[in-house]
Amino acid sequence: MTDWIGRSAQRLGGKERVNGAQKYVGDIRMEGMLHAKMVALNCGHARIVSVDTTGARAVPGVLCILTAHDLPQPVPRFGPTAQDRPVMAVGETKFFGEPVAAVAAETEDAAREAAARVRVVHEKLPGVYTVDHALDPASPLVQDPSLRPKDPLRATNILEELSYGWGDVTSAHADAVFDNVYTFPMVTHFAIEPHVFIAAPEDGGVKVWSPIQHPFILQRTIADCLGLPLAKVRIIAPDSGGAFGGKGYPKFEPLVAFLALATGRPVRLALTLEETFQAGRRMATRVRVRSGFQKDGRIVFQDIQADCLIGAYADIGLRVVEKASYTACGPYRVPHARIHSRALLSHTTPSTAFRGFGVPQMSWAVESQMDEAALGLGMDRVAIRLANLASRGEEFIKGDLPCDGDWRESLQKAAAAIGWGTPLPKGRGRGIALGLKISATYAASYCIVRLHYDGSASLLTGTTDMGQGARTVFAQIVAQELGVPVDRVTVVMGDTAVVPYDTSTSASRSTVIMGSAVLRACGDVKEQVLKLAAELANVPEAEVSFENGIVRSAKGQASLPTLLRDYYGTTRGEVIGVGSFLKRKTPGHPLAGKTVFYELSCSAAEVVVDEETGMATISRYVTVCDVGKALNPQHVEMQDSGAAVMGLGHSLMEHIVLDEDGQIVNLGALDYRIPTIKDIPAVMESFTVENGDGPGPYGAKGVGEGGLLATAAAVGSAVREAIGTPIRDLPLTPERIWQAIQERGAGRPPVGKQARA
Amino acid sequence: MDQDAITITLSVNGVSRSLRVQASHTLLKVLRDQLGLTGTKECCSMGECGACTVLVNGRAVNSCLMLAAEADGCEITTIEGLAVDSRLTALQESFLAEGAVQCGFCIPGMVMSAQYLLDHNAHPTEEEIKEGLAGNLCRCAGYSRIIEAVRAASSGVGASTGVAAPSKDAGR
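Model, not experiment: these values are computed from the prediction.

**Topic: the overall build of chain B**
Logical step 1: The secondary structure content of chain B amounts to five helices and five strands.
Logical step 2: Listing each helix as α and each strand as β along chain B from the N terminus yields β-β-α-β-β-β-α-α-α-α.
Logical step 3: Burial status across chain B gives 55% buried among its 172 residues.
Logical step 4: Considering only residue pairs separated by 6 or more positions, chain B has 62% of its internal contacts joining residues 24 or more positions apart.

Here's what the structure looks like:
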């Protein structure tokens, strides 16, 4: 039997990715296509006095210039959690890069030229750019209070205040209490493919091309903004050139759709890399944690206050704050928990989903506190984690899915691989940290498997492939279930007129959730094949079996193509199987439902710090992810090591810097550093824990985000051991480390212990 | 095309072309928009990410930093020009086999930089591979499989010369 599961099948579409044939949105050209350019201001907050388009209209080739006045009134607003974001700025701009006008012209050059000639008379206003600004009652309000008239917080910059917890933190007795504040700055996704959007009028509606991760969310956004039925909005979402959450939710697609309808022609908007920095980012956080411990290292309480700077509009930011706060205590047994979070509006780029969905920010704080406690109590950093880690079946988050893995195994595996407890030369340090993330809490994922007349198969699914490999893994499931080789399976994605609904491609959900739907669709095909075979052989269905693509009965056996040919003859036909995974929202649950599974990872780092320069170099890095079952081990490893390097970026070098007017001063590839090939650790390893205990096909859990959940805390811990003093603000740049070394003083404090693993 | 247009003649993937191009247009824009060779990608437009890497007279160049007019008389090789009769090169095969490709957007530039490296140093060391690809950003992969892919493509052809490849030219 050919076993397609647990095998590193080559990426579907791989050949096209190495020979240049792959068509990303930006590679699509069509007859009569116009080019758009947005007009924005050089500040975070300004009142728009007037917009003069006279000079712009004089540029040859300009066909259309839209301002908010040209849109339906009131200007349509959209957003996945709150419908607060206007298609274009209304009255004032609320973040650097928010479009005030948009031009459509025959050429990109003309569009750029005309955009530069749009004169926006404006008055710069004081802005809200930091957590402190947002909490200061004297600061201007980012959002118009009339957008949430019934909200008691409407006259503040707090968009939402959340509380989770259990037990009684106030009266709980702890032997030792550690109280610290940790910050995590804004960082940007920096997918190598900048966003490109195209819209064209079609069939009494509109067709939109976007590298969007969630085409069905875009479909309903466009339908709502334009007042169209879903059936008249067709989204084409070609495989993207990297997304990481940054292409999850609609950005400028509604604006491009209005331009297309206004001109009656296809309109293309290609963002520059600089503009992608202004299109989405990771939320910045300031997290204060008071942690109470017993002398033996057991956690008594966690008291967490998280202030999250989400930006000018909610986007999916509210959900990020909710989900990350909900699991802020990590994978530990915490008898008393109090988590209080605030989602803060600011005159900055709207934050959005970004790999890890808020967990890297929380784990930076809470995992660093575990080290703090280990140091304070004279314990080993691995031992203190082992003493508190939830055991399988334990309801460590009250009222939610119990611990669904052997999480100690991940920690121990990482500790062994990094050489925990072995001697280190001076100037080096090791760190280890755990990350825990919940996955989807609700889902509606449908798919169709068509078994063609010749025995090949097509899968139609609303999931998207942004490089994570969903296409390949789904094909492997079809191949396994129907006995059809992977190269005879086609996976159709990214066209809402063709593929059935999927909630989203997010939260490391697709292998588990859509994968289960694919498994069920294949089961549906198999049942029908058995019926055909029984009818053909004139035997009861119970006497027919189907395995590895071969149908057997007392009267003989036949391959799928033979069976289908014999049954359908020259009439031809096909077998169509349907599968779904439906988990409706649970009323009353704080996140609308229990998680489908937990994504748990352990990261361990060894660093060398140059005390002269403050430069931290990662000499060894280990990632362990509990994946249940790796359906494609190579793809899993690629996701985990890719996530790890992305995590090293936000740990060591990445941060968006604003000036006093709210402009991003390090826009673009020159001034914003992401890891290059020369920045990767000298030794980098990634391991899996596979106990077949996931809810997905063949025991799989989701993967893809795990590798960066705890990177910052692991690196921070290693740097702390190397220099003997903690740093609680990211990124750990040479300047910051050097500064910490200078302030460390003569009396070098003790470092965290390492017992032999 | 207006008065700023000029005529250039160049060879692209072995085919001689005569084109009217805007004086201000980059080689990248002309390859993608006038010749339809969209395999070469655009990201940062300032020579930092390497997604637009092509070979100009055999040297790796960020095509976003080179004006099309400057390519007059040059021989250009793009990602579309590597495979012969749609058969992938050993280097391209290695990228697939080693799992170096995820979203794929940086890969054309990555492959072209690696091709240039191997053209000048058939057996690069790991450090030489890193140096050769230092101008190509990838956000999906951990880079290590890309290094493995280049190493695999270079293996089995003899011993390393130990001579470092010339570093990639920034503009031309």
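**Points about the sheet that holds strand β15 (residues 284–293) of chain A**
All names here are of chain A.
Logical step 1: Here five strands make up an open sheet; going across it, the order is β9-β17-β16-β15-β10 and the pairing mixed. Edge strands, defined here as strands with exactly one partner in the open sheet, are β9 (158–166) and β10 (176–184). Across this sheet, the average inter-strand angle for adjacent strands is 10°, counted without regard to direction.
Logical step 2: For β15 and strand β16 (residues 299–311), the ladder comprises 10 bridges, and the chain directions are antiparallel. Note that in β16 the partner of R286 across the bridge is D307.

**Some remarks on the interface of chain A and chain B**
Logical step 1: The interface of chain A with chain B comprises 40 residues on the first partner and 40 residues on the second.
Logical step 2: When contributions to the side of chain A that touches chain B are tallied by element, the ones reaching two or more residues are α1 (14–19) and α15 (633–652) of chain A.
Logical step 3: Considering only residue class, the side of chain A that touches chain B consists of 19 nonpolar, 15 polar and six charged.

**Regarding the environment of H189 of chain A**
All names here are of chain A.
Logical step 1: Position of H189 among the secondary structure elements: in the loop between β10 and β11 (196–202).
Logical step 2: Along the backbone, H189 and G167 are 22 residues apart, and their C-alpha atoms lie at a distance of 38 Å.
Logical step 3: The residues contacting H189, other than those within four sequence positions of it, are F244, G245, G246, G280 and F354.

**Considering the packing of helix α2 (residues 90–97) of chain B against helix α3 (residues 107–120) of chain B**
All names here are of chain B.
Logical step 1: Running from N to C, α2 and α3 point in directions that differ by 130°, and their axes come no closer than 10 Å. By the angle between their directions, the pair α2 and α3 is classed as oblique. In this structure, α2 meets α3 at a crossing whose hand is right-handed. On α3, the residues that touch L91, Q92 and F95 of α2 are I107, V111, A114, Q115 and L118.
Logical step 2: Considered class by class, the residues forming the contact of α2 with α3 number six nonpolar, two polar and no charged.

**Re the domain arrangement of chain A**
Residues and elements named next belong to chain A.
Logical step 1: Annotation of chain A at the domain level lists domain 1 (18–125 + 195–270), domain 2 (359–439 + 595–744) and domain 3 (443–583).
Logical step 2: Computed over C-alpha atoms, the centres of domain 1 and domain 3 are 38 Å apart.
Logical step 3: Facing 16 residues of domain 1, the contacting portion of domain 3 comprises 14 residues.
Logical step 4: Those elements giving two or more residues to the side of domain 1 that touches domain 3 turn out to be α5 (215–226) and β13 (233–236).
Logical step 5: Counting residues per element, the side of domain 1 that touches domain 3 draws most heavily on α5, at four residues.
Logical step 6: Looking at the side of domain 1 that touches domain 3, its residues break down into eight nonpolar, six polar and two charged.

**What about the pairing of β11 of chain A?**
Residue and element names in this part refer to chain A.
Logical step 1: Of all seven residues in β11, five are buried, a share of seventy percent or more.
Logical step 2: Inspection of the sheet shows β11 paired to strand β14 (residues 267–270) by four bridges, in the antiparallel sense. When the sheet's bridge partners are listed, A199 is paired in β14 with V267.
Logical step 3: Pairing of β11 with strand β12 (residues 205–209), which is carried by five bridges, proceeds in the antiparallel orientation. By the bridge assignment for β12, E202 is matched with G205.
Logical step 4: Between β11 and β12, which pair antiparallel one after the other, the connecting turn spans two residues, and D203 there sits at a positive phi close to 50°.

**Examining the sheet that holds strand β19 (residues 443–451) of chain A**
Residues and elements named next belong to chain A.
Logical step 1: Pairing within the open sheet is mixed, and its four strands lie in the order β21-β20-β19-β25. Only two strands of the sheet have a single partner each, and these edge strands are β21 (489–492) and β25 (575–583). Averaged over all pairs of adjacent strands, the angle between strand axes in this sheet comes to 15°, irrespective of strand direction.
Logical step 2: The sheet contacts of helix α12 (residues 470–482) involve β19, β20 (457–461) and β21, and relative to β21 the element is tilted by about 135°.
Logical step 3: Along the sheet, helix α13 (residues 513–537) contacts β19, β20 and β25; its crossing angle with β25, the most-contacted strand, is approximately 145°.

**Examining unusual backbone geometry**
Residues and elements named next belong to chain A.
Logical step 1: The peptide bond linking Q73 to P74 adopts the cis configuration, its omega dihedral lying at -10°.
Logical step 2: Within the secondary structure, P74 sits in the loop between β3 (62–67) and β4 (77–78).
Logical step 3: Looking along the chain, the bond that leaves L730 and enters P731 is cis, with omega of -5°.
Logical step 4: The residue P731 is located in the loop between α17 (711–723) and α18 (734–744) in this model.

**Details of the nonpolar core**
Residue and element names in this part refer to chain A.
Logical step 1: Formed by 294 residues in total, the largest nonpolar core has its most connected members in V103, L259 and V478.
Logical step 2: If you tally residues by element for this core, the top one is α13, at 10 residues.
Logical step 3: Leaving out residues up to four positions away in the same chain, V478 has contacts with V449, A457, L459, V484, V489, V518 and C522.

**Notes on the domain arrangement of chain B**
Accessible area lost during the coming together of the parts is what is often quoted as the interface size.
Residues and elements named next belong to chain B.
Logical step 1: When its domains are assigned, chain B resolves into domain 1 (5–81) and domain 2 (90–154).
Logical step 2: Measuring from the centre of the C-alpha atoms in domain 1 to the corresponding centre in domain 2 gives 21 Å.
Logical step 3: Taken together, the contact pairs 14 residues of domain 1 with 13 residues of domain 2.
Logical step 4: Every element with two or more residues in the side of domain 1 that touches domain 2 is listed here: β3 (53–56) and β4 (59–62).
Logical step 5: When residues of the side of domain 1 that touches domain 2 are assigned to their parent elements, the largest contribution, three residues, is made by β3.

The rules we used
Residues numbered from 1 in each chain as written. Chains lettered and ligands numbered in written order. Predicted model: local features only at pLDDT ≥ 70, side-chain atom pairs only at ≥ 80, totals over all residues. Helix = DSSP H or I, 4+ residues; strand = E, 2+ residues; numbered from the N terminus. Buried ≥ 20, exposed ≤ 12 C-beta atoms within 10 Å, placed from the backbone. Contact = placed C-beta atoms within 7 Å. Pairing = 2+ DSSP bridges. Axes fitted to C-alpha atoms, helices over the stretch in contact; angles between N-to-C directions. Nonpolar A, V, L, I, M, F, W, Y, C, P; charged D, E, K, R; others polar. Parallel < 35°, antiparallel > 145°, perpendicular 65-115°, else oblique. Left-handed = near helix turned anticlockwise from the far one by under 90°. Domains from an automatic or database assignment. Core = buried A, V, L, I, M, F, W, Y, C linked by C-beta atoms within 7 Å.

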